[in-house]
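Commentary on secondary and tertiary structure
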Amino acid sequence: MKNYGMLIDVDKCTGCYNCFLSCRDEHYGNDFPPISSAQPFKDHFWMQIIERERGKYPKVKVSFIPKPCMHCDDPPCARPSVNGAVYKRPDGIVIIDPEKSVGQKEIVSACPHRVIFWNEAKNIPQKCTLCAHLLDQGWIEPRCVEACPTGALSFGDLDDPKSEFAKLWNSGQALAPELELKPRVKYLAIPKRFVAGAVLLKDRDECAENAKVTLTGRKKKQTVKANNFGDFEFEGLGEGEAFAVKVEYPGYAPQTFEVQTKTDVYLGEILLKRAAGKKK
Ligand code: SF4
Ligand code: SF4
């Protein structure tokens, strides 16, 4: 018996929508009893692509976060369901039975991830099945994983300790860890906060390539060098944390900034002045 999981590497997702389209191609108009009923033409996104924009002009970053059903080990969608309409298979996949779930609209709002869609014409809730109908025929991965051109989606057996997938799985994170639902879909490189800026040498009107920038917080200290445009960046910082950012360049007076990562922080252009007594 397999024990399935999906891993999504946000850094590799370019937002091409191939996963969404392959899901539609597989499920629109196709019934796979007893696992799923056909996806309707409109308003169903069994694989959603969440676009997350961070920072503000001129430092803006965009990430794409593919989001199917998380196939929780403790699925809240099963709690209001009756008659065994929502069940977890021994291989970890959560299924909404298309016959038993007729009329059970409360299943839709029970999912905190908002990945269940109501089919008005059929009077049933529907969602991602991890393409269980294909896996049961011997496929090694669902359609969306197969279609991803960048390798952002991967899929495998968590009980195969030798597989690269199972090893990588342990470094994955839940999209919403605070819910404590033990999801079977985990993520790498979930976007966090960043602190960035650009360092310039005021008297020379030049970018301060190789300026030393040190970020110090309660739990971490990190140093980077500015690139040839004078730009620097610290990524993957926690939300709402306080940091000191110190900028240094030989012969110039250092500057220190106190920042708070309630939002992403762009310090703008930092103009370093010659240190007192230092000549050009
Ligand atoms: S993500 Fe939502 S729909 Fe999927 S198993 Fe968890 S609660 Fe159910
Ligand atoms: S696993 Fe299958 S059902 Fe789920 S999003 Fe991917 S293609 Fe759609």
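Being a predicted model, the structure only gives us computed values, none of them experimental.

Parameters and conventions
- Residues numbered from 1 in each chain as written.
- Chains lettered and ligands numbered in written order.
- Predicted model: local features only at pLDDT ≥ 70, side-chain atom pairs only at ≥ 80, totals over all residues.
- Heavy atoms only, no water.
- Helix = DSSP H or I, 4+ residues; strand = E, 2+ residues; numbered from the N terminus.
- Buried < 20%, exposed > 50% of the residue type's maximum accessible area, 1.4 Å probe, protein only.
- Polar contact = N/O pair within 3.5 Å; in protein donor to acceptor, adjacent residues only side chain to side chain.
- Contact = heavy atoms within 4.5 Å.
- Near = heavy atom within 4 Å.
- Nonpolar A, V, L, I, M, F, W, Y, C, P; charged D, E, K, R; others polar.
- Pairing = 2+ DSSP bridges.

Observations regarding unusual backbone geometry
Of note, the amide linkage connecting Pro33 to Pro34 takes the cis form, showing an omega dihedral of 0°. Within the secondary structure, Pro34 sits in the loop between α1 (18-27) and β2 (48-56). With an omega dihedral of 5°, the bond running from Tyr57 to Pro58 counts as a cis peptide bond. Topologically, Pro58 is positioned in the loop between β2 and β3 (59-67). Of note in this structure, Tyr17 is not a glycine but carries a positive phi near 70°. Note on Tyr17: relative accessible area 33%, which makes it partly exposed. We note that Asn83 has phi near 70°; this positive angle belongs to a residue other than glycine. Here Asn83 lies in the loop between β3 and β4 (86-88). The exposed category is assigned to Asn83, whose relative accessible area is 57%.

Things to note about the side chain of Asp264
For Asp264, the position within the fold is in the loop between β16 (252-260) and β17 (265-272). Of note is the side chain of Asp264, whose polar atom sits 3.4 Å from the backbone nitrogen of Gly55. Only 2.9 Å separates the side chain of Asp264 from the backbone nitrogen of Phe194, close enough to count as a polar contact. For Asp264, the contacting residues outside a window of four places in its chain are Arg54, Gly55, Lys192, Arg193 and Phe194.

Here we look at the site of ligand 1
For ligand 1, the set of nearby residues contains 14 residues, the closest of which are Cys69, Cys72, Pro76, Cys77 and Cys111. The residue makeup of the shell around ligand 1, split by class, is eleven nonpolar, two polar and one charged.

Quick look at the pairing of β3
By the bridge criterion, nine bridges tie β2 to β3 in an arrangement that is antiparallel. When the bridges of β3 are listed, Lys56 appears paired with Lys59. Connecting β2 to the next strand, β3, in antiparallel fashion are two residues.

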